Amino acid sequence: MQFIQQTPDLSAYLAADEAIDHHHPLVRETAARLAQGVVDSYEYARAAFDYVRDTIPHSQDSGDLRVTWRASDVLEQRTGICYAKAHALAALLRAEDIPTALCYQQFGEVHGLVAVRFNGAWHRQDPRGNKPGVDAQFSLHGERLAFVTDPASNEMDYTVLYAAPHPVVLGALTSARDRTHLWQTLPTAL
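Overview of the structure. None of the values given here were measured: they were computed from a predicted structure.

Parameters at a glance
- Residues numbered from 1 in each chain as written.
- Predicted model: local features only at pLDDT ≥ 70, side-chain atom pairs only at ≥ 80, totals over all residues.
- Heavy atoms only, no water.
- Pairing = 2+ DSSP bridges.
- Helix = DSSP H or I, 4+ residues; strand = E, 2+ residues; numbered from the N terminus.
- Contact = heavy atoms within 4.5 Å.
- Axes fitted to C-alpha atoms, helices over the stretch in contact; angles between N-to-C directions.
- Buried < 20%, exposed > 50% of the residue type's maximum accessible area, 1.4 Å probe, protein only.
- Salt bridge = Lys/Arg side-chain N within 4 Å of Asp/Glu carboxyl O.
- Core = buried A, V, L, I, M, F, W, Y, C linked by side-chain atoms within 4.5 Å.
- Expected span 1.5 Å × (residues − 1).
- Parallel < 35°, antiparallel > 145°, perpendicular 65-115°, else oblique.
- Left-handed = near helix turned anticlockwise from the far one by under 90°.

## Some words on the sheet that holds strand 5 (residues 156-157)
Neighbouring strands of a sheet are bound in pairs by backbone hydrogen bonds; such pairs are parallel or else antiparallel. Spatial strand order, 4-3-2-5: four strands in an open sheet with antiparallel pairing. Here the strands that pair on one side only, and so sit at the sheet edges, are strand 4 (121-125) and strand 5. Here strand 3 (residues 110-118) pairs with strand 4 via five bridges, running antiparallel. Bridge pairing in strand 4 links A115 to R124. Packing against the sheet, helix 5 (residues 82-95) makes contact with strand 2 (100-106) and strand 3, and its axis sits at approximately 15 degrees to strand 3.

Spelled out as structure tokens, the structure:
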């Protein structure tokens, strides 16, 4: 798949913003802890991915009604849907100077994931969280995402790589009273 950077300036994929607040002390502390003992940025990226995927439950799977969207809140409250978990992973990776983009797939609703840049190429990763029937893995050698799109069913992979959360996604997250309300307002297209 050929990805299109929303902005050609790679530094945009290292920047902090309101959702990817990688200068927050909790994000910095978590990144420093994950970086201990790893030998390179690839190992760190895998450790950060595993951390977000495995230790922060997807709120739908756990039944948590809270809606998080800011990376530091996801790490603090230890809950989030796909978009929020993608924000947390992006913040942890950017905290260690790994260019990270936000990207999306479309099923019934839009699904959020990240792309990391290694060896001059973007590689999508899905920290959503595994469960029966979902087995996402960190990989730079072929995608191991939570879900595979089926174009015959009008599902699609968006090819644009965003430096900041898509405004439609961020609007749904920030205006939701709880996860039940969020589920009624999830974007169905970008």
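Let us keep going from here.
## Comments concerning the pairing of strand 2
Taking burial as the measure, the seven residues of strand 2 include seven buried ones, the bulk of the element. Here strand 2 shows a buried face lined by T100, L102, Y104 and Q106 and a second buried face lined by A101, C103 and Q105. Sheet analysis places strand 2 next to strand 3, joined by seven bridges and oriented antiparallel. The residue bridging C103 from the neighbouring strand is L113, located in strand 3. Here strand 2 hands over to strand 3 after three residues, the two strands then running antiparallel side by side. As paired strands, strand 2 and strand 5 are joined by two bridges and run antiparallel to one another. Paired with Q106 across the strands is M156, a residue of strand 5.

## Brief notes about the pattern of salt bridges
Taken as a whole, this structure holds ten salt bridges when the rule is applied. Where R66 meets D64, a salt bridge forms, and the shortest distance between an N and an O atom there is 2.6 Å. A residue is classified by how much of its surface remains accessible, and R66, at 39% relative accessible area, is partly exposed. In this structure, R70 and D73 form a salt bridge, with 3.2 Å as the shortest nitrogen-oxygen distance. Via salt bridges that share partners, E18, R70 and D73 belong to a single interconnected network.

## A short note on the nonpolar core
Taken as a class, soluble globular proteins show a tendency for nonpolar side chains to be buried jointly. Core analysis: the largest hydrophobic core is formed by 45 residues, its most contacted members being Y44, Y83, L92, L93, L102 and Y104. When residues of this core are traced back to their parent elements, those giving at least two are helix 1 (25-35), helix 2 (41-55), helix 4 (71-77), helix 5, strand 2, strand 3 and helix 6 (167-175). The leading source of residues in this core is helix 5, at eleven residues. Excluding anything up to four places from it in sequence, Y44 contacts A31, L34, A35, V38, L92, L93, E96 and I98.

## A short note on the pairing of strand 4
The element strand 4 is extensively covered by neighbouring structure, given that four of its five residues are classed as buried. Adjacent in sequence and paired antiparallel, strand 3 and strand 4 are bridged by two residues, among which N119 carries a positive phi angle near 55 degrees.

## Focus on helix 5
Compared with the 20 Å implied by 1.5 Å per residue over 14 residues, the 20 Å span of helix 5 between its first and last C-alpha is a close match. Among the 14 residues that make up helix 5, 14 are buried, leaving the element largely enclosed by the rest of the structure. One or two residues past the end of helix 5 sits D97, with phi positive at roughly 60 degrees.

## Thoughts on the packing of helix 1 against helix 2
At a closest axis distance of 9 Å, the pairing of helix 1 and helix 2 adopts a crossing angle of 120 degrees. With respect to each other, helix 1 and helix 2 are oriented oblique. Of the two elements, helix 1 crosses helix 2, and the hand of that crossing is right-handed. Contact with helix 1, carried on its side by T30, A31, R33, L34 and A35, involves Y44, A47, A48 and Y51 of helix 2 and no other residues of that element.

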